[in-house]
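Read off the chains here:
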Amino acid sequence: MDTFAIGDQDFLLNNEPFRILSGAIHYFRVHPELWADRIHKARLMGLNTIETYVPWNEHSPTPGSFVAEGGLDLGRFLDLVAAEGMKAIVRPGPYICAEWDNGGLPAWLFTDPTVGIRSNEPAYLAAVSAYMESVLALVVPRQVTHGGPVIMFQIENEYGAYGNDKAYLQHLVDLSKRLGVDVPLFTCDQPFGTMIEDGSLPELHKTGTFGSRADERLAFLRERQPTGPLMCAEFWNGWFDNWGTHHHTTDAAASAAELDALLTAGASVNIYMFHGGTNFGFTNGANDKGIYEPTITSYDYDAPLSEDGHPTAKYFAFREIIAKHFPVPAEVPGERAPLPASVVAVDSTASVLPAAVRPSMAPGPVPPVEVTGQYQGFYLYETPLPGGGVLSFSEVRDRAQFFLDGVPAGVLSRELGERSVVIPAGGRLQILLEDQGRVNYGQRIGEAKGLIGPALLNGVEVLDWEVGAVDLGSLEAFRSAAVPLPPGDAAAGVAGPSVSFATFEAGGPGDRFLRLDGWTKGVVFVNGFNLGRYWSRGPQRTLYIPGPLVREGANELAILELHGSATREVRFAVGPDLGPDEK
């Protein structure tokens, strides 16, 4: 079996110096049938290692569960890395950030307000320990010391930017070792202030995260760790996007120059991201540094390998730099094949109010949505309002559409800080609440979602609330309730909130990009798979459909539109569109 260790100046693979040339691929953001392709293209760029986070909340959607199948089959992903002849780095958190919902921490964990977050608190540590046992059952047998690809294992994630609880970090170290980790343990933090010291322990190898001024950052790291190999564990070569902002890009030549500086200095590197992928479903996170900003569906990240798995100018610029320092394969990836373009019109629709809402809780004060047992997506609040007036809440998390007897009565947005709406007199109030993504960074991790009380109508608390979860895991209730639309008038559009259906034909599996001009805001499903959110405010204009989701013959397209569309048509575009700054 192989060995991997940390020497005085180098990483040592079987006692020989080994430079880590790694690229980040999050298996949970890529269709599993495309994993091998993305890994192969990483090797062709000259990389020798694949790094991935592990999302606790996806693997454990409910307490006591651990799902490791399909798109969450971490073991298979690591086996594919090994089959490509590459090494692997695993970063299981339990907190991962990653612009991912709640930073990867399961929302159910914090339904008990006494549970600590990223700290040495007993209930939190007990849950973390159960999670780590399940993760390490997959990782430990795949360490290089057992004949597998895994060479390093991370403790927490940029913890110095959050806290400095050394007992918590020590628990994670002791737990990992007890469960069989014998490859080097490491931490990563930004090389600023006291983050590196706060986020690590003396026995752990320290790495930095940065995207520029490589020589300066490496010098800072060396001052705090006089011996051992230098490594940038997250070389930020791009960035993520929020709804309503521009598409972020970085100059390929400038990024390549920074990579050259890293390699010239003798450092190891993990390119974040090599291939970003997609925030399918409701998995996107959000920032809140005074303004709530949810992350878009695409996680393209302006990475060397695009969202649909094709090399960009940055890919070839990085490959050229790596070739200056190390051998690279002669093979290069091919160009993107032309994608089929066509138009399809929805032909039936079903109202969301109140279809597919699970049984609601007993009436009482306005509750957070977690009482439903569903931790992502949409919810329906209801209450009778005998009189009208100003209805206010302490906070709205994150976007609420108000209906009085089915008639739209306003929208409140957390992003805009809105907390009150004028409601007409009389009738039954329904509020469709969208969780737009849990905050993934900072002190608001773990917060509750929904209408945060008290709910006051003209200053008097409303106490007759019910809340139910809108079940989008299966669309069968909407299919059953769907009514045909009048034929021949595609420009008529559809009302919202509703789920509309269309059928499109395909000759077989193959990538598509769906464009939704004339639609406002919602979610798209292909053959029941949740592609994620769209929003006319951009910057994202298309949704990526991974080829394996498309089957030969008839395919179902379903669109949850929240406000209404100006057309019944959508079209399959010839390529991605992430806004005017698209590379």
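Now for a quick tour of the structure. (Residues numbered from 1 in each chain as written. Predicted model: local features only at pLDDT ≥ 70, side-chain atom pairs only at ≥ 80, totals over all residues. Heavy atoms only, no water.)

1. A word on the overall build of the protein
Here's step 1: Looking only at helices and strands, the protein has 10 helices and 34 strands in total.
Here's step 2: Against the 2.2 N^0.38 benchmark of 25 Å for 583 residues, the protein shows a C-alpha radius of gyration of 25 Å, consistent with a compact globule.
Here's step 3: If you line up the protein on its principal axes, its C-alpha atoms span 75 × 55 × 40 Å.
Here's step 4: Here the protein holds 583 residues, and the buried ones make up 60% of them.
Here's step 5: Once the 43 positive and 70 negative side-chain charges of the protein are each reduced to a mean point, those two points are 2 Å apart. (Helix = DSSP H or I, 4+ residues; strand = E, 2+ residues; numbered from the N terminus. Rg over C-alpha atoms; globule rule 2.2 N^0.38 Å. Buried < 20%, exposed > 50% of the residue type's maximum accessible area, 1.4 Å probe, protein only. Lys, Arg positive; Asp, Glu negative; His and termini not counted. Charge placed at Lys NZ, Arg CZ, Asp CG, Glu CD.)

2. Section: the environment of Gly23
Here's step 1: Tracing the chain through its elements places Gly23 in strand E4 (residues 21-25).
Here's step 2: Along the primary structure Gly23 and Gly7 are separated by 16 residues, whereas in three dimensions their C-alpha atoms are 22 Å apart.

3. As for the pattern of salt bridges
Here's step 1: Under the definition given, this model contains 39 salt bridges.
Here's step 2: With its nearest N and O atoms 3.4 Å apart, the salt bridge here joins Arg444 to Asp288. With a gap of 156 residues between them, Arg444 in the loop between strand E22 (428-435) and strand E23 (450-452) and Asp288 in strand E12 (residues 286-288) connect regions that are remote in the sequence.
Here's step 3: Ionic pairing is found between Asp435 and Arg438, a salt bridge with its closest N-O pair at 3.9 Å. For the pair Asp435 and Arg438, a shared accessibility class is recorded, and that class is buried.
Here's step 4: A cluster of three or more residues bridged by salt bridges with shared partners is formed by Asp288, Glu370, Glu395, Arg397, Asp398, Arg414, Asp435, Arg438, Arg444, Glu447 and Lys449. (Salt bridge = Lys/Arg side-chain N within 4 Å of Asp/Glu carboxyl O.)

4. Quick notes on the packing of helix H1 (residues 35-44) against helix H3 (residues 74-83)
Working note: a packed helix pair is described by the angle between its axes plus the distance between those axes.
Here's step 1: Closest axis-to-axis distance for the H1/H3 pair is 10 Å, and the angle between their directions is 35 degrees. The two elements H1 and H3 meet at a crossing, and its hand is right-handed. In this structure, H1 uses Trp35, Ala36 and Ile39 to contact H3, whose residues at the interface are Arg76, Phe77, Leu80 and Val81.
Here's step 2: Classifying every residue of the contact of H1 with H3 gives 6 nonpolar, no polar and 1 charged. (Axes fitted to C-alpha atoms, helices over the stretch in contact; angles between N-to-C directions. Left-handed = near helix turned anticlockwise from the far one by under 90°. Contact = heavy atoms within 4.5 Å. Nonpolar A, V, L, I, M, F, W, Y, C, P; charged D, E, K, R; others polar.)

5. Section: empty space enclosed by the protein
Space left empty within the atom packing is revealed by a probe, the size of a water molecule, rolled over the atoms.
Here's step 1: Inspection of every chain in the model, using the stated rule, returns 3 cavities of 30 Å³ or more.
Here's step 2: If you go around the largest cavity, the residues you meet are Arg29, Val30, His31, Leu34, Arg38, His275, Gly277, Thr278, Phe280, Glu307, Tyr544 and Pro546.
Here's step 3: Here the lining of the largest cavity is composed, by residue class, of 5 nonpolar, 4 polar and 3 charged. (1 Å grid on protein atoms, 1.4 Å probe; cavity = no way out; pocket = protein on both sides within 12 Å on 5 of 7 lines; lining within 4 Å. Points joined across faces, edges and corners; volume = space filled by probe spheres on them.)

6. Observations regarding the layout of surface pockets
Here's step 1: For the largest pocket, the calculated volume is near 1000 Å³.
Here's step 2: Every residue lining the largest pocket is counted, 38 residues in all, and those nearest its centre are Glu58, Gly281, Phe282, Thr283 and Gln376.
Here's step 3: Elements with a contribution of two residues or more to the lining of the largest pocket: helix H2 (56-59), strand E16 (377-384) and strand E31 (529-535).
Here's step 4: Its residues placed into classes, the lining of the largest pocket shows 19 nonpolar, 14 polar and 5 charged.
Here's step 5: Empty space within the second largest pocket amounts to approximately 300 Å³.
Here's step 6: When the residues that make up the lining of the second largest pocket are grouped by side-chain class, the tally is 10 nonpolar, 4 polar and 4 charged.

7. Description of the pairing of strand E11 (residues 268-275)
Here's step 1: Buried residues dominate E11, accounting for 8 of its 8 residues.
Here's step 2: For strand E10 (residues 231-236) and E11, the ladder comprises 4 bridges, and the chain directions are parallel. When the sheet's bridge partners are listed, Met231 is paired in E11 with Ser268.
Here's step 3: The handedness of the E10 to E11 crossover, carried by helix H8 (residues 252-264), is right-handed. (Pairing = 2+ DSSP bridges. Right-handed = clockwise from strand over helix to strand, strands pointing away.)

8. Comments concerning unusual backbone geometry
Here's step 1: Put simply, Gly453 and Pro454 share a cis peptide bond, and its omega is 5 degrees.
Here's step 2: The residue Pro454 is located in the loop between E23 and strand E24 (456-457) in this model.
Here's step 3: Cis rather than trans, the peptide bond between Gly496 and Pro497 has omega equal to 0 degrees.
Here's step 4: Following the sequence through the fold, Pro497 ends up in the loop between strand E27 (483-484) and strand E28 (498-506).
Here's step 5: Located in the positive-phi region is Asn14, a residue other than glycine, with phi close to 55 degrees.
Here's step 6: Take Asn14: it is sitting in the loop between strand E2 (11-13) and strand E3 (16-18).
Here's step 7: Owing to a relative accessible area of 36%, Asn14 belongs among the partly exposed residues under this scheme.
Here's step 8: Phi angles above zero are rare outside glycine, and Glu156 is one such case at about 55 degrees.

9. Quick word on the side chain of Ser565
Here's step 1: Position of Ser565 relative to the elements: it lies in the loop between strand E33 (553-561) and strand E34 (569-573).
Here's step 2: Using a relative accessible area of 11% as the deciding quantity, one classes Ser565 as buried.
Here's step 3: In this structure the side chain of Ser565 is engaged in a polar contact, spanning 2.5 Å, whose partner is the backbone oxygen of Thr567.
Here's step 4: What Ser565 contacts, discounting residues up to four positions off in sequence, is Ala492, Gly493, Val494, Gly518 and Trp519. (Polar contact = N/O pair within 3.5 Å; in protein donor to acceptor, adjacent residues only side chain to side chain.)

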